[in-house]
Amino acid sequence: MDEEDRRIETHPDLMNPDWQKHAERDAWLGAKKELKKKRRKQQKAAAASGGGYSAPGTSRWPGIAALVGLIVLVVAAVTVNAVQERGVNETPWFPLDESQITRLVTDA
């Protein structure tokens, strides 16, 4: 192999257009494969360090839904308490008229 063949610009294989297309496609596929490996390693490292999701298929939505549900229940309880005229414990177990209530209070 002489000095002229060692130069990349004039290498006989690179001068062939079919081989050049094949080499470009192989280089593109190799770069794509390397990028996939790099992303996979990054995802594994993030999962191992505690960042991101711990397992495939896990989601944050159930936790968010539970928190929103709790907030809705608290707001509903406060609203019902504000709107309600009488508390449950303030209602007598049996109906009394005013004369019976005053007699019970004054006798005690």
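These figures come from a predicted structure and were not determined experimentally.

About the thresholds
- Residues numbered from 1 in each chain as written.
- Predicted model: local features only at pLDDT ≥ 70, side-chain atom pairs only at ≥ 80, totals over all residues.
- Heavy atoms only, no water.
- Helix = DSSP H or I, 4+ residues; strand = E, 2+ residues; numbered from the N terminus.
- Areas by Shrake-Rupley, 256 points an atom, 1.4 Å probe, with all protein chains shown as cover.
- Expected span 1.5 Å × (residues − 1).
- Buried < 20%, exposed > 50% of the residue type's maximum accessible area, 1.4 Å probe, protein only.
- Patch = residues over 30% accessible without salt bridge, like charges linked within 9 Å, V, L, I, M, F, W, Y side chains within 5 Å.
- Salt bridge = Lys/Arg side-chain N within 4 Å of Asp/Glu carboxyl O.
- Lys, Arg positive; Asp, Glu negative; His and termini not counted.
- Charge placed at Lys NZ, Arg CZ, Asp CG, Glu CD.
- pLDDT = per-residue confidence, 0-100.

### Observations regarding the overall build of the protein chain
Secondary structure assignment for the protein chain yields five helices and zero strands. When the elements of the protein chain are put in sequence order from the N terminus, they spell out α-α-α-α-α. Per element, the accessible surface of the protein chain, about 10300 Å² overall, is 61% carbon and sulfur.

### Details of helix H4 (residues 61-83)
With 23 residues, H4 extends 32 Å from end C-alpha to end C-alpha; this agrees with the ideal 33 Å at 1.5 Å per step. Among the 23 residues in H4, zero count as buried, and that is only a small part of the element.

### Examining a nonpolar patch on the surface
Residues Leu67, Leu70, Ile71, Val74, Val75 and Val78 make up a contiguous nonpolar surface patch of about 570 Å² in total accessible area. Summarising the element assignment, Leu67 is placed in helix H4.

### Thoughts on a positive patch on the surface
A cluster of basic residues, Lys32, Lys33, Lys36, Lys37, Arg40, Lys41 and Lys44, forms a positive patch at the surface. Inspection of the secondary structure assignment puts Arg40 in helix H3 (residues 17-48).

### Considering the confidence of the model for the protein chain
Here the protein chain averages 77 in pLDDT, while 68% of its residues score no lower than 70. Within the protein chain, H4 carries the highest mean pLDDT (92), whereas helix H1 (residues 3-6) carries the lowest (60).

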